[in-house]
Amino acid sequence: MSFVADLEAVLGFSLITDPDITASYSKDQAPFAPSEPAAAVLLARSTEDISKALAFCSSRNIPVVTRGAGSGLSGGANADSKSLVISLEKMNQIIEIDPANQLAKVQAGVINLDLDSAVKEFGMAYLPDPASRDWSTLGGNVATNAGGMCCVKYGVTSHHVRALKVVLASGQIIEVGKATKKFMTTLDLLHLFVGSEGTLGIVTEIILNLVPRPKSPATLIATFPDIKQAAAASTDLLKYRPSMLEIIDETTLKAVEQWHPLGFEVAGSILIMQLDENFEVGDAAIATCKNHGMIDGIFSTDASDAADLIRVRKLAYPALERLGATLLDDVALPVTKIAEFVGLVQELAIDKNLTIGIFGHAGDGNMHPTIVHDHGDSEGEKRAQLAFAQIVQIAQSLGGSASGEHGIGLIKRGFVLDEVDQSIIDIQRGIKTLLDPSGILNPGKKIP
Ligand SMILES: Cc1cc2nc3c(=O)[nH]c(=O)nc-3n(C[C@H](O)[C@H](O)[C@H](O)COP(=O)(O)OP(=O)(O)OC[C@H]3O[C@@H](n4cnc5c(N)ncnc54)[C@H](O)[C@@H]3O)c2cc1C
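Cut-offs applied
- Along each chain, the written sequence defines residue order, and numbers are assigned to residues from 1.
- Per-residue local features of the predicted model are confined to residues with pLDDT of at least 70, and side-chain atom pairs are confined, for both listing and counting, to 80 or more; whole-chain, interface and lining totals are unaffected and use all residues.
- With hydrogens and water excluded, all non-hydrogen atoms of the structure serve as input to the side-chain values.
- Under the scheme used here, helices are H or I runs from DSSP no shorter than 4 residues and strands are E runs no shorter than 2 residues, and both carry numbers assigned from the N terminus.
- Three labels apply to residues, based on accessible area from a 1.4 Å probe with only protein chains included: buried if under 20% of the type maximum, exposed if over 50%, partly exposed otherwise in between.
- Note on areas: these come from Shrake-Rupley sampling with a 1.4 Å probe, and a residue is covered only by the protein chains present in the view.
- In this charge count, Lys and Arg are treated as positive and Asp and Glu as negative; neither His nor the chain ends contribute.
- Charged groups are reduced to one reference atom each: NZ for lysine, CZ for arginine, CG for aspartic acid, CD for glutamic acid.
- Note on terminology: near, applied to a residue and a molecule or strand, indicates that one of the residue's heavy atoms is within 4 Å of it.
- Polar contact is the term for a pair of N or O atoms within 3.5 Å; when the atoms are in protein, one must be able to donate a hydrogen and the other to accept it, and sequence-neighboring residues count only if both atoms are side-chain atoms.
- Lys, Arg, Asp and Glu make up the charged group, whereas Ala, Val, Leu, Ile, Met, Phe, Trp, Tyr, Cys and Pro make up the nonpolar group; the residues left over, Gly among them, are polar.
- Here, nonpolar core refers to any group of buried Ala, Val, Leu, Ile, Met, Phe, Trp, Tyr and Cys residues whose side-chain atoms link them within 4.5 Å.
- The rule for a salt bridge is simple: a side-chain nitrogen of Lys or Arg has to be within 4 Å of a carboxyl oxygen of Asp or Glu.
- Think of the arc as the fan of directions from the helix axis to the C-beta atoms.
- Any two residues having at least one pair of non-hydrogen atoms within 4.5 Å are treated as being in contact.
- Here, a strand pair is defined by DSSP locating no fewer than two bridges between the strands.
- Helix axes are fitted only over the stretch in contact, all axes being lines through C-alpha atoms; the angle between N-to-C directions runs from 0 to 180 degrees.
- When two cysteine sulfur atoms are found within 2.5 Å, that pair is recorded as a disulfide.
- The predictor's confidence in any single residue is recorded as pLDDT, a number from 0 to 100.

Novice: So what's going on with the overall build of the protein chain? Which residues, and what values?
Specialist: When its secondary structure is counted, the protein chain shows 16 helices and 18 strands. In terms of its C-alpha atoms, the protein chain occupies a principal-axis envelope of roughly 70 × 55 × 40 Å. Counting over 448 residues, the protein chain shows a buried share of 55%. For the protein chain, the exposed area adds up to about 18700 Å²; of that, 52% sits on carbon and sulfur atoms. Here the protein chain holds 37 positive side-chain charges and 53 negative ones, and the gap between their average locations is 4 Å.

Novice: Explain the site of the ligand residue by residue, including any values.
Specialist: If you check the shell around the ligand, you find 34 residues, and the closest are T66, G68, S71, S132 and T137. Residue N141 places a side-chain N or O atom 2.9 Å away from an oxygen atom belonging to the ligand. In this structure, an oxygen atom belonging to the ligand sits 2.8 Å away from a side-chain N or O atom of T144. When the ligand is considered free in solution it has 970 Å² of accessible area, and contact with the protein chains removes 92% of it. Elements that contribute at least two residues to the shell around the ligand include exactly β2 (64–67), α5 (138–144) and β9 (202–209). Take the shell around the ligand: its biggest share by element is five residues, from α5. Of the residues contributing to the shell around the ligand, the split by class is 12 nonpolar, 19 polar and three charged.

Novice: Give a description of the nonpolar core that names residues and reports values.
Specialist: Core analysis: the largest hydrophobic core is formed by 53 residues, its most contacted members being F341, I356 and I371. Counting residues per element, this core draws most heavily on helix α14 (residues 378–397), at eight residues.

Novice: Can you break down the pattern of salt bridges residue by residue, with the values?
Specialist: Applying the stated criterion to the full structure yields 17 salt bridges. Where D6 meets R60, a salt bridge forms, and the shortest distance between an N and an O atom there is 2.4 Å. Separated by 54 residues along the polypeptide, D6 in helix α1 (residues 4–11) and R60 in helix α3 (residues 47–60) bring together distant segments of the chain. A salt bridge links R313 to E246; its shortest N-O distance comes to 2.6 Å. Taken as a pair, R313 in helix α12 (residues 311–321) and E246 in strand β12 (residues 244–249) lie far apart in primary sequence, 67 residues in all. Considered together, R313 and E246 belong to a single accessibility category, that of buried residues. Shared partners join several salt bridges into a network, and the residues in it are K153, R241, D276 and E277.

Novice: So what's going on with helix α10 (residues 282–291)? Residues and values would help.
Specialist: Turning to α10, its buried residues number three or more, namely G282, A285, I286, T288 and C289. Down the axis of α10, the buried set is contained in an arc of 155°. They therefore lie on one face. Across α10 from its buried face, at more than 90 degrees, point the exposed residues D283, K290 and N291. Buried-residue contacts for α10 involve β11 (218–224), α8 (227–237), β13 (269–275) and β14 (296–300). One or two residues past the end of α10 sits G293, with phi positive at roughly 90°.

Novice: Describe the sheet that holds strand β5 (residues 103–107), and please don't skip the residues or the numbers.
Specialist: Judged by pairing direction, the sheet is antiparallel, and its five strands sit side by side in the order β4-β5-β9-β7-β8 without closing on themselves. Each edge of the open sheet is held by one strand with a lone partner, namely β4 (94–98) and β8 (173–177). Put simply, the sheet's adjacent strands are angled 10° from each other on average, direction ignored. Across six bridges, strand β7 (residues 161–167) lies against β9 in antiparallel orientation.

Novice: Tell me what's going on with the environment of D20, and back it up with residues and numbers.
Specialist: Its place among the elements puts D20 in helix α2 (residues 19–24). When the C-alpha atoms of D20 and P37 are compared, they prove to be 8.1 Å apart, with 17 residues separating the residues in sequence.

Novice: Before we move on, can you summarise the side chain of H160 with the specific residues and values?
Specialist: As for its position among the elements, H160 is in the loop between α6 (151–154) and β7. In terms of polar contacts, H160 uses its side chain to reach the backbone carbonyl oxygen of Y154, at 2.8 Å. Aside from chain neighbours lying at most four places away, what touches H160 is Y126, L127, P128, Y154, G155, I207, L208 and N209.

Novice: Give me the pairing of strand β1 (residues 40–43): which residues, what numbers.
Specialist: The alternating pattern of β1 places A40 and L42 and V41 and L43 on opposite faces, both of which are buried. For β1 and strand β3 (residues 84–87), the ladder comprises four bridges, and the chain directions are parallel. Each bridged residue has a counterpart across the sheet, and for V41 the counterpart in β3 is V85.

Novice: For α12, give the residues involved together with the corresponding values.
Specialist: Among the residues of α12, those classed as buried are V312, R313, L315, A316, A319 and L320. Axial view of α12: buried residues confined to an arc of 160°, hence all on one face.

Novice: Requested: an account of unusual backbone geometry, with residues and values cited.
Specialist: A positive phi angle, near 55°, is found at N61, a position not held by glycine. When you line up the elements, N61 lands in the loop between α3 and β2.

Novice: Outline the sheet that holds β3, supporting the account with residue identities and numerical values.
Specialist: Pairing is parallel across the open sheet formed by three strands, whose spatial order is β1-β3-β2. Unpaired on one side and paired on the other, β1 and β2 mark the two borders of the sheet. Averaged over all adjacent pairs, the angle separating strand axes in this sheet is 25°, with direction ignored. Relative to the sheet, α3 contacts β1, β2 and β3, its axis offset from that of β3 by approximately 165°.

Novice: Tell me what's going on with the state of the cysteines, and back it up with residues and numbers.
Specialist: In the structure shown here, the tally under the stated rule is zero disulfides. Lacking any disulfide linkage, C150 is separated from the closest cysteine sulfur, that of C151, by 4.7 Å. With relative accessibility at 8%, the residue C150 sits in the buried group.

Novice: So what's going on with the confidence of the model for the protein chain? Which residues, and what values?
Specialist: Residue-level pLDDT values for the protein chain average 96, and 100% of them are 70 or greater. Of all the helices and strands in the protein chain, helix α11 (residues 303–309) carries the lowest mean pLDDT, 86, while β9 carries the highest, 99.

This is the structure in structure tokens:
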């Protein structure tokens, strides 16, 4: 018997149960993760709503899937027909901006870019910049420890979170971390919740770090005959403290050139670097690229050039999407292994007769090989899914990790034991049991 009427009585308002609507709240952007329309969707308006709902669900063993914006790429926000989805989309208030203490307090449903736009007038910035920042929520960013282009210099979301209000599965409301910049009174429980992908508690409020807004960046763009040289140059360029350092391979460049010719037809790879300080190192950076076989390079401190120079990076994924259905992978590598990784993925593409374009955050070794297959070609889709798994295995064989920023969710659980010991799984399960004894929070995700 459905739990809906009983939960509505507890909350004092209605849940969404129309299957056309619940379906749209029951899956994220991962193309091949299973999902079913949830039994109901709760549009939470307060921490107390969530507390009441979780206490109820714990008492009835009802699985709960927390949802930010559903922009995830791992199936982490996918539900099944027995679940309650708790959406944070209505909890979108910026509670406080405190420039003197360099912090902002927000509800978890605030969109990342909305916070950054709001703090601009104080001369401040919220830095973590996932490419989905104009629609992903800060709660989702915390739950997935989201990264982005500026993370090479400024770190990922976890480096910018000071404190969280979290509702545990029992309905208990706790606060971890503190508004102060430093805090040593407890174990670091804050970072236990960052990246926990909705499995340990529901984040309802967040205190985030703000920084003085960086200067408009200077941009370097350099072409190389092949990816090996570009990758070697990228590790050397890290000494200039780039605020962005991106690499693009030949397959992706060709896809961009077919769509928007930008003059990269002779390049085997390109690097794009931005600096938001130390602009005087431009000549030295060009010389560094020359030492690694650069074909051509431009360094511009003119902020108005930046958008043109980084256009090729913005077009990388959409250009591959034009070629067919895409599977965007996400792996983390030691930066010194990027070239070897790309070489092995290129061999895989030939072997499996697939197009695989590779681009990513060279500065922190976070690569996004994107597998393309024909729309509606089920055999090609199977080969693409197999290649998706093989790409993860290649990364792991080089000392890398199954995910750099998109998370484990549903689609990468099978790879976890390939890179961590069983003892780590057991510790994670112990923590999960302590915080969520009935296992109602995002069951089957993240922890194998
Ligand atoms: C075009 C595109 C570009 C992207 N670029 C990047 C990128 O550059 N970097 C990057 O890191 N990611 C990127 N992503 C992936 C995605 O945007 C991030 O994972 C983002 O952080 C998810 O936020 P969300 O609000 O959409 O969360 P959702 O997708 O709704 O949820 C993600 C996970 O977090 C959990 N969750 C959500 N909110 C909460 C909460 N309040 N409390 C507890 N758990 C919660 C969910 O249960 C789920 O497990 C991209 C996605 C797309 C579609």
